[in-house]
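# Chains, contacts and geometry: an overview
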Amino acid sequence: MSTENEGTAVPPAPSAPPVPVDAPASSAQPPAALHQSPAAPTAPPAEAPTAQLPPTPPQASTSSQGHRPPDPSWPPPPPPAGTPSYGGGDGMGGGFGEGPGGGSGDGWGAAYQPPAPKSGRGRGGLVAGILIAALVAGGLGGGLGYTLAKNNDDSGSTTVSASDSGGSLKRDAGTVAGVAQKALPSTVTIQAEGSNGEGGTGTGFVFDKQGHIVTNNHVVAEAVDGGKLSATFPDGKKYDAKVVGHAQGYDVAVIKLENAPSDLNPLPLGDSDKVAVGDSTIAIGAPFGLSDTVTTGIISAKNRPVASSDGSADSKASYMSALQTDASINPGNSGGPLLDAQGNVIGINSAIQSSSNGSFGTGQAGSIGLGFAIPVNQAEFVAKQLIKTGKPVYAKIGASVSLEETTNGAKLTEQGVGGSEPVEPGGPAADAGLKPGDVITKLDDRVIDSGPTLIGEIWTHAPGDEVTITYERSGKQHTAELTLGSKLGDD
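Residues numbered from 1 in each chain as written. Predicted model: local features only at pLDDT ≥ 70, side-chain atom pairs only at ≥ 80, totals over all residues. Heavy atoms only, no water.

Per-residue confidence for the chain gives a mean pLDDT of 73; residues scoring 70 or more make up 61%. Taken element by element, the chain is modelled with least confidence in helix α1 (residues 123–151), mean pLDDT 34, and with most confidence in strand β4 (residues 212–215), mean pLDDT 98. Low pLDDT, under 50, characterises residues 6–50; the predicted model gives this stretch 328 contacts beyond four residues in sequence or across chains. Below pLDDT 50 for its whole length, residues 80–153 participates in 394 contacts with residues either more than four positions away or in separate chains. (pLDDT = per-residue confidence, 0-100. Helix = DSSP H or I, 4+ residues; strand = E, 2+ residues; numbered from the N terminus. Contact = heavy atoms within 4.5 Å.)

With 14 residues, helix α4 (residues 376–389) extends 20 Å from end C-alpha to end C-alpha; this agrees with the ideal 20 Å at 1.5 Å per step. Listed in full, the buried residues belonging to α4 are V376, Q378, A379, V382, A383 and L386. The arc enclosing the buried residues of α4, seen along the axis, measures out at 150°, which places them on a common side. Contacts from the buried residues of α4 go to β4, β6 (238–247), β7 (252–257), β12 (345–353) and β13 (370–375). Of the residues trailing α4, G390 is marked for its positive phi of about 85°. (Expected span 1.5 Å × (residues − 1). Buried < 20%, exposed > 50% of the residue type's maximum accessible area, 1.4 Å probe, protein only. Arc of directions from axis to C-beta.)

Glancing now at a negative patch on the surface. Side chains of D444, D445, E466 and E481 sit close together on the surface and give a patch of like negative charge. Note that D444 resides in the loop between β17 (439–443) and β18 (446–447). (Patch = residues over 30% accessible without salt bridge, like charges linked within 9 Å, V, L, I, M, F, W, Y side chains within 5 Å. Areas by Shrake-Rupley, 256 points an atom, 1.4 Å probe, with all protein chains shown as cover. Salt bridge = Lys/Arg side-chain N within 4 Å of Asp/Glu carboxyl O. Lys, Arg positive; Asp, Glu negative; His and termini not counted. Charge placed at Lys NZ, Arg CZ, Asp CG, Glu CD.)

Pairing is antiparallel around the closed barrel formed by six strands, whose spatial order is β2-β3-β4-β7-β6-β5. Looking at each pair of strands side by side, their axes are set apart by 40° on average, direction ignored. Judged from the four bridges that link them, strand β5 (residues 228–232) and β6 form a sheet pairing that is antiparallel. Counterpart to T232 in the pairing with β6 is K238. Seen against the sheet, α4 touches β4, β6 and β7 and runs at an angle of roughly 50° to β7. (Pairing = 2+ DSSP bridges. Axes fitted to C-alpha atoms, helices over the stretch in contact; angles between N-to-C directions.)

This part is about the side chain of T281. Take T281: it is sitting in strand β8 (residues 280–285). Engagement of the side chain of T281 in a polar contact is seen with the backbone nitrogen of I298, the distance being 3.3 Å. Reaching out from T281, the side chain makes a polar contact with the side chain of T325 at a distance of 2.9 Å. Among all residues touching T281, those that are not within four sequence positions of it are T295, T296, G297, I298, I299, T325, A327, L338, L339 and I346. (Polar contact = N/O pair within 3.5 Å; in protein donor to acceptor, adjacent residues only side chain to side chain.)

With that settled, the discussion passes to the sheet that holds strand β9 (residues 293–308). The strand order around the closed barrel formed by six strands is β8-β9-β10-β13-β12-β11, and the pairing between neighbours is antiparallel. Averaged over all neighbouring strand pairs, the angle between strand axes comes to 50°, with direction disregarded. One ladder, built from six bridges, connects β8 with β9; its direction is antiparallel. The residue bridging G285 from the neighbouring strand is T293, located in β9. Against the sheet, helix α6 (residues 451–458) engages β9 and β10 (318–325), with an angle of about 85° to β10.

Let us now look at the environment of H478. Mapped onto the elements of the fold, H478 is located in strand β20 (residues 476–483). Classification of H478 by relative accessible area gives partly exposed; the value is 28%. Separated by 40 residues in sequence, H478 and D438 place their C-alpha atoms 9.8 Å apart. H478 has contacts with I469, T470, Y471 and R473, leaving out every residue within four places of it along the chain.

What follows is the structure, encoded as structure tokens:
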């Protein structure tokens, strides 16, 4: 399903797994993504691509009809317009969608949008105006209430004061207030600025005592090459930071604080595999630049296929098998922690589905209760690899797959680009007996209804993992055992 990351709207997601459903109609509203401060321009419609799973190098189809061969670029080719966007900073993006000849125009994921140009009457001014208006209205209401009370002093009515103020009440562990009180000091608001002066706002959380902060790739993407990064804690302390490593395919990044304090408290990591639908969730972030905001909800679905990009013509897609939550997530929440009721991190907020493209007059989409988070088990694996080598490692089957959205499975393409083979000779898929034209319908017990779903599921695994592939060939069903290969880096 498509979602938006920073500033771009995302196509709708498929029905809750594992049962596949009909592909979303082209008229369906694309999901929206978590935003960074500014929103990115929507990319022009693109043709339905094909992707390597994961490709080595990945390939995208160039054929003008039917299924296209994989694109040689890595990671998979950019999703068509309408793809979900990332949910990191103050703006939202679009995600994966199909192009001409692909059927639905919706897609899975969310993309990052660069911040809008700053001006004296930009988003900050609008938000401030709204807040001030609320205060003025409150003042008028209070004044009116005081006048009425004074005029009725002779009525004999009285008021009763509470024995304790709210500030003196105990915040028990396990309550939302208790979790927030403990977790907030270990979260940061990230300001990213590119060499061109554009950037956005996102969120991150303390990963270890050495000063590493985990966030989304799309939150820091603008600052990767010659940009500036800073992280501000709730107590107002601000630190310069640098990118240690970033994984565009996973939409995960690690930054490190410069001159990090010695009293950092990493947030405890939970087990996203044990999360159940209905479990309570707590999200922390900086929606629309409002730092240290806490929202609550539940896990509304698991294993939701999401493909996202920043919506630009040359963008590359990110894929995840996401945790879905109805906790309010908006532009600026990207990269922030999704916590369970005990305060353990179970995911990284990354994208949202949105019903519109504007709020606060910014042109950015907002939450309608459909947010998507990268499962922490996957994020932890990726973060450790980035800290260790600076580059991500992807699991792969060594075959090119069509990215057209269907409900029939993930079809291996019939031909490659530039003479390359659609099934890598000597690769995992070839060794397992898979051939071009085969349609993969299951990976272990997970139903596969499209290429993007297959990519997301493969990337929940580590290289070397053994999986069972169920596929159809000439109308007959087959199964094969396959050991996943590896691909180093996004290039």
